[in-house]
Amino acid sequence: MMNETTAGARRFSAQAAPAWADTHCHLDYFVKDGTLDDTLARAREARVNLFITAGTAPDDWAIYRDLHQKFPAEIFYAAGIHPQEISENFEAALETLSSYFAAPHAPAAIGETGLDYYRLPADAARAARLKDLQQQAFRAQIHLANHVKKPLVVHARNAFADTVALLEQEGANWEQVVFHCFAEGPEEMRFLRERGAFASFTGVLTYKNAEIARQACLAQGPERLMLETDCPYLTPVPLRGKPNEPSYLPHTGRFAAGLFGMQETELAVLSTARARAFYGLANA
């Protein structure tokens, strides 16, 4: 049976040429180097015209709020504290974060937030303290997402088990959780699907050594797929070696369509419809 998102995507495909949604990008990179206008122009030319730009710390939230105000139909944003940006005084940043959701041009989601154990300090005591701070901040942002009823954009690197444990413990709304840049395998994907959560995939899908990510993508299925660049990182094949940008998203999209044995246009419609539904942008 065709679900509502799939049916809506089919109707949309009959009305307009398909376009892609970049559901996780870092547009402050292009703002700071003065290339945003050219970057957006290239993206539009490549039929990428919906952007969720991901906040990582207080110094980019205001940039993204301004971008959303300037491009209210194209650029939306998440605001959160990335686990690698956590410090001893993170509570003050969280107070500021809460205020964004009570003001005009509010974020579409909380994030990116989560746990990252990939580059912990070698000193065991310092590593333990940093993990504790990350977990405290993640718990607080789960609570905030529940309070403002917004999706939660999760970063989990070398920390999948602890991440899902905290989501469970803090009563996260699993159907409003997306694990961005998903790099786990099909078993972890099935765990998320059973709870109603989502994952988004980057150009890593196109990498020769990323078979586990491809299997996870297949396990999620095309109707639940969201795509992202995570630019300026994780440039897809055949453009590796260059800084990533939203206009490169169709390379990942075409590759994913091949995995599913689908037409590129059909997957573009499905993934964009999923992104709009997940972030509550249907009428934006």
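Predicted model, so just to flag it, every value in this text is computed and none were measured.

Caption draft 1: Focus on the sheet that holds strand 6 (residues 177-179). Across the sheet, which stays open at both edges, the 8 strands sit in the order 1-2-3-4-5-6-7-8 with parallel pairing between neighbours. The open sheet has two edge strands, strand 1 (20-25) and strand 8 (226-227), and neither has a second partner. Where strand 5 (residues 152-157) and strand 6 come together, 3 bridges link them in parallel fashion. Counterpart to Val-154 in the pairing with strand 6 is Phe-179.

Caption draft 2: Expanded view of the pairing of strand 2 (residues 48-54). In terms of residue burial, strand 2 counts as a mostly covered element, since 6 of its 7 residues are buried. Across 4 bridges, the pairing between strand 1 and strand 2 is parallel. The residue bridging Asp-22 from the neighbouring strand is Phe-51, located in strand 2. Pairing between strand 2 and strand 3 (residues 75-79): 4 bridges, direction parallel. Its bridge partner being in strand 3, Thr-53 is matched across the sheet by Tyr-77.

Caption draft 3: Here's a closer look at the nonpolar core. By size, the foremost hydrophobic cluster in this structure holds 68 residues, and its most contacted members are Leu-27, Leu-152, Leu-167, Phe-179, Phe-182 and Phe-201. Among the elements that take part in this core, helix 6 (residues 124-148) stands out by supplying 6 residues, more than any other. Setting aside residues up to four positions removed in sequence, Phe-182 forms contacts with Phe-160, Glu-188, Met-189, Leu-192, Ala-199, Ser-200, Phe-201, Ala-213 and Ala-216. Residues Ala-109, Val-153, Phe-198 and Ala-275 belong to the second largest nonpolar core, which totals 15 residues.

What counts and what doesn't
Residues numbered from 1 in each chain as written. Predicted model: local features only at pLDDT ≥ 70, side-chain atom pairs only at ≥ 80, totals over all residues. Heavy atoms only, no water. Pairing = 2+ DSSP bridges. Helix = DSSP H or I, 4+ residues; strand = E, 2+ residues; numbered from the N terminus. Buried < 20%, exposed > 50% of the residue type's maximum accessible area, 1.4 Å probe, protein only. Core = buried A, V, L, I, M, F, W, Y, C linked by side-chain atoms within 4.5 Å. Contact = heavy atoms within 4.5 Å.

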